[in-house]
Amino acid sequence: MGIESIKNVAVIGAGTMGSQIAMVCSLAGYPVTLQDVSAESLEKAKQFLGIQMEKRVKKGRFTAEAVEAAFSRITFTASLHELKEADLVIEAIVEKLDVKRELFKKLDEITPPHAILATNSSTIVSSKIADVTVRPEKVCNIHFFNPALVMELVEVVKGPHTSVETAQTSMDFVKKINKLPVLLNKEISGFIANRILGKLMDEAVYLLENGYASHEEIDLVCTKALNHPIGPFALMDLTGIDVNYFVRMQRYEESGNERDKPARIVQEKVENGELGRKTGKGFYTYDQKAAVK
Ligand code: NAI
């Protein structure tokens, strides 16, 4: 099954990532079913995408007609049964292995046997999920970056169970939606970008927790000396400090190594509900009206 067989796309989870991935696919011309268990998330996704796309129309990046057409290609639904005709599913639900496994089992039953089932998980390799399906050769990771409407690069990860054809069709699909795919021919948790970023974050938190410098100073060094577009603390605020917490917690559960535990400062922020831009406060304080979501 090559790229020509992908006619209908489904995205599961209408949160930060899923909503944007759905719009990216729709802007490229694909009919998209965006499914979420929460009616509130679906409503929020509509509003969020409306605001984001209006900004782009004002800047002249898209015509109002193109955006209207893209919206008309997206079906927002709470029912998984609307996925009966999906040729490619991108899962972007909560980062919890048992919940993802349960979902993939259902997807395997509902979607046509030829459909590719991909996960957008930032850490979980698809071999931890593929065994709940009877089509492991059609399961892989397709990992977008936040904000998916803006970020060009997408990591495609081929697990030991993934067929060469599935990996190739996924790479071709990423190109079709005007993104730049990179293939990991062998799976590894965290993939490329987040593994490298994880090391940077760990060091930044170490320097902060041990009083070497403030988060503002550490961010300044990364942006001005290393030429990174954004510092590690500003980035954690953007992606959500809870995401950093869950990633570290998962690593700790896997390795049992104390060093992998979430940093104290990260744990405190999560306990205080200071999750970054989405709550108006993280390492920095934000104007709630300007908060990302
Ligand atoms: P989010 O919390 O913004 O959205 C998750 C959505 O999934 C929610 O709307 C929730 O109602 C829905 N959901 C939960 N269980 C469901 C189920 N069983 N069926 C259907 N919908 C369900 O999460 P976010 O940040 O969009 O992350 C989603 C996935 O994308 C995670 O696996 C994460 O690791 C990955 N990811 C996140 C990035 C980020 O920067 N936030 C970047 C790249 C990947």
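Please read all numbers here as calculations on a predicted model, not as lab measurements. (Residues numbered from 1 in each chain as written. Predicted model: local features only at pLDDT ≥ 70, side-chain atom pairs only at ≥ 80, totals over all residues. Heavy atoms only, no water.)

A. Expanded view of the overall build of the protein. Scanning the protein from N- to C-terminus turns up 11 helices and eight strands. Its C-alpha atoms give the protein a radius of gyration of 19 Å, within 12% of the compact-globule value 19 Å for 293 residues. For the C-alpha atoms alone, the extent of the protein along its principal axes is close to 55 × 45 × 35 Å. Taking all 293 residues of the protein together, 47% fall into the buried category. Contacts spanning at least 24 positions in sequence make up 64% of the contacts within the protein whose residues lie at least 6 apart. When the accessible surface of the protein is totalled, it reaches about 14,500 Å², and 55% of it is carbon and sulfur. (Helix = DSSP H or I, 4+ residues; strand = E, 2+ residues; numbered from the N terminus. Rg over C-alpha atoms; globule rule 2.2 N^0.38 Å. Buried < 20%, exposed > 50% of the residue type's maximum accessible area, 1.4 Å probe, protein only. Contact = heavy atoms within 4.5 Å. Areas by Shrake-Rupley, 256 points an atom, 1.4 Å probe, with all protein chains shown as cover.)

B. Highlighting the site of the ligand. The immediate surroundings of the ligand are formed by 23 residues, with D36, S41, E95, K100 and S122 found nearest. Side-chain polar atom of N146 to an oxygen atom of the ligand: 3.2 Å apart, as the coordinates give it. In isolation the ligand exposes 830 Å². Once the protein is present, 81% of that is buried. Only α1 (16-27) and α4 (97-110) provide two or more residues apiece to the shell around the ligand. By residue class, the composition of the shell around the ligand is eight nonpolar, 12 polar and three charged. (Near = heavy atom within 4 Å. Polar contact = N/O pair within 3.5 Å; in protein donor to acceptor, adjacent residues only side chain to side chain. Nonpolar A, V, L, I, M, F, W, Y, C, P; charged D, E, K, R; others polar.)

C. Region of interest: the UniProt feature "domain: 3-hydroxyacyl-CoA dehydrogenase C-terminal" (unreviewed entry) in the protein. The feature "domain: 3-hydroxyacyl-CoA dehydrogenase C-terminal" (unreviewed entry), as given by UniProt, occupies residues 190-286 in the numbering adopted here. Between the first and last C-alpha atoms of residues 190-286 the distance is 29 Å; the span itself is 60% helix and 0% strand. (UniProt positions renumbered as here; feature names shortened; annotations may be inferred.)

D. Quick peek at the sheet that holds strand β1 (residues 9-12). The sheet built from eight strands is open, its strands ordered β3-β2-β1-β4-β5-β6-β7-β8 with mixed pairing. The sheet terminates laterally at β3 (74-77) and β8 (180-184), the two strands that pair on one side only. When strand polarity is set aside, the average angle formed by the axes of neighbouring strands in this sheet is 25 degrees. Sheet topology note: the β1/strand β2 (residues 32-35) ladder contains four bridges and is parallel. Looking across to β2, one finds that I12 is bridged to Q35. Together, β1, β2, β3 and β4 (88-91) form the strand contacts of α1, whose direction differs from that of β2 by roughly 175 degrees. (Pairing = 2+ DSSP bridges. Axes fitted to C-alpha atoms, helices over the stretch in contact; angles between N-to-C directions.)

E. Highlighting the pattern of salt bridges. For the structure on display, the rule yields 13 salt bridges. Between D202 and R248 there is a salt bridge; the shortest N-O distance is 2.6 Å. Remark: R248 occurs in helix α10 (residues 241-255) and D202 occurs in helix α7 (residues 193-209); sequence separation between them is 46 residues. According to the relative accessible area criterion, D202 is partly exposed, its value standing at 26%. Each member of the salt-bridge network shares a partner with another, and the members are D202, R248, R251 and D260. (Salt bridge = Lys/Arg side-chain N within 4 Å of Asp/Glu carboxyl O.)

F. A look at the state of the cysteines. Within the structure shown, the criterion is met by zero disulfides. Summary of cysteine pairing: C140 is not part of a disulfide, and the nearest cysteine sulfur, belonging to C25, is at 13 Å. The exposure class assigned to C140 is buried, which follows from its relative accessible area of 0%. (Disulfide = S-S within 2.5 Å.)

G. Representation of unusual backbone geometry within the structure. Of the consecutive residues N146 and P147, the connecting peptide bond is found in the cis state with omega at -5 degrees. In this structure, P147 sits in the loop between β6 (139-143) and β7 (153-157). With a phi close to 65 degrees, N178 is a non-glycine residue in the positive phi region. Relative to the helices and strands, N178 resides in the loop between α6 (164-176) and β8. Here N178 falls in the exposed class, since its relative accessible area comes to 59%. Although it is not a glycine, N227 adopts a positive phi angle of roughly 65 degrees.

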